[in-house]
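# Fold and contact review
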Amino acid sequence: MIPTHLKVLTIEEKPFVYARKIEDGSDCSEEEIPCPHYNSTDDSDQMYCCKGFCMDLLKSLSKSTNFTYSLALSPDGQFGSYIIRNLSMPGAKKEWTGLIGELVYERADMIVAPLTINPERAEFIEFSKPFKYQGITILEKKLRNTMENLTCATVKGSAVDMYFRRQVELSNMYRTMEANNYDSAEKAIEDVKQGKLMAFIWDSSRLEFEAAQDCELVTAGELFGRSGYGIGLQKGSPWADLVTLAILDFHESGVMETLDNQWILRNNMLN
Ligand code: 1AC
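Computed from a predicted model, the values in this text were never measured in an experiment. (Residues numbered from 1 in each chain as written. Predicted model: local features only at pLDDT ≥ 70, side-chain atom pairs only at ≥ 80, totals over all residues. Heavy atoms only, no water.)

Further remarks concern the sheet that holds strand β2 (residues 18-21). Adjacent strands of a sheet pair through backbone hydrogen bonds, lying either parallel or antiparallel. Strand order in this open sheet of 3 strands is β2-β4-β3, and the pairing throughout is antiparallel. Of all strands in the sheet, those bounded by a partner on one side alone are β2 and β3 (33-34). Sheet topology places β2 next to strand β4 (residues 48-51); 4 bridges connect them, and they run antiparallel. Looking across to β4, one finds that A19 is bridged to C50. (Pairing = 2+ DSSP bridges. Helix = DSSP H or I, 4+ residues; strand = E, 2+ residues; numbered from the N terminus.)

What follows is the structure in structure tokens.
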């Protein structure tokens, strides 16, 4: 018998996951799922409630695939990338951070988040078939001549960070960006709005959502680094095939379209 209660992790990333901090001990609403943030560094655990595209997807997956779950936020706030320890020594090893690290080191069973499927990650974790296709684009502010700063950046420990690291011909750009990279997309978007950051390079699904909310923001240039978002599981997880079958069924039966309409298209059209 395989365990049917899973430790599921997620991360805040609108419109896929909205995380609301609970200050007064009140309960989450019916559409929300409790998603505590267990802070591994300073013991300051904090309660949050999560909703969004991925949270509704988690509810549907749990029903159709028959598992129960406890949800929590990424302990270090990252999606997950690697550092190579002892690079010049034989037996140098990749050490993973963020959500990916939690699966690799078997502290979690599943990731339900806008998690990009890429080759480096797929060597260490299992991905379901994609539940969403998107790519990378650039967010800028309109009318830019009074810029204090001419930098571009992405978020540390993300698949976008890894994309630039992988492209040998972009190595100069990677080195410049690395020094400017942010801890969160929220802060980077705020800095674009305030003219402190010229260009934020990130997932098109998020940047198109932000540009639809704020007429001062635009996405620039063509989509590149096309990829998909998948459910993350431990390598060899007995849940992998069942989750993929459920995702394929959700594409065919219109569940994904309903989630798109409810969380992405409606928000983009309202603004
Ligand atoms: C946030 C870029 C992102 C990832 O998986 O790292 N989708």
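That was the structure; now back to the text.
Side chains on a regular strand alternate between the two faces of the sheet. For strand β1 (residues 5-10) and strand β5 (residues 68-73), the ladder comprises 6 bridges, and the chain directions are parallel. Looking across to β5, one finds that K7 is bridged to S70. Alignment of β1 against strand β8 (residues 110-111), held across 2 bridges, turns out to be parallel. Bridge pairing in β8 places L9 opposite I111.

All told, the structure shown has 2 disulfides when counted by the stated rule. Taken N- to C-terminal, the disulfide-bonded cysteines of the protein chain are connected 1-3, 2-4. Of all cysteine sulfurs in the structure, the one in C50 sits closest to C54, which takes part in no disulfide; the separation is 10 Å. (Disulfide = S-S within 2.5 Å.)

With that settled, the discussion passes to the nonpolar core. Residues L99, L115, L139, F200 and W202 are the most contacted members of the largest nonpolar core, which totals 37 residues. Broken down by secondary-structure element, the contributors of at least two residues to this core are α2 (98-104), β9 (125-127), β10 (132-141), α4 (159-166), α5 (171-180), α6 (185-193), β12 (199-203) and α7 (204-213). Discounting chain neighbours no more than four positions away, the residues touching L99 are L9, T10, I11, S74, Q78, F79, G80, I111, A113 and L115. (Core = buried A, V, L, I, M, F, W, Y, C linked by side-chain atoms within 4.5 Å. Buried < 20%, exposed > 50% of the residue type's maximum accessible area, 1.4 Å probe, protein only. Contact = heavy atoms within 4.5 Å.)

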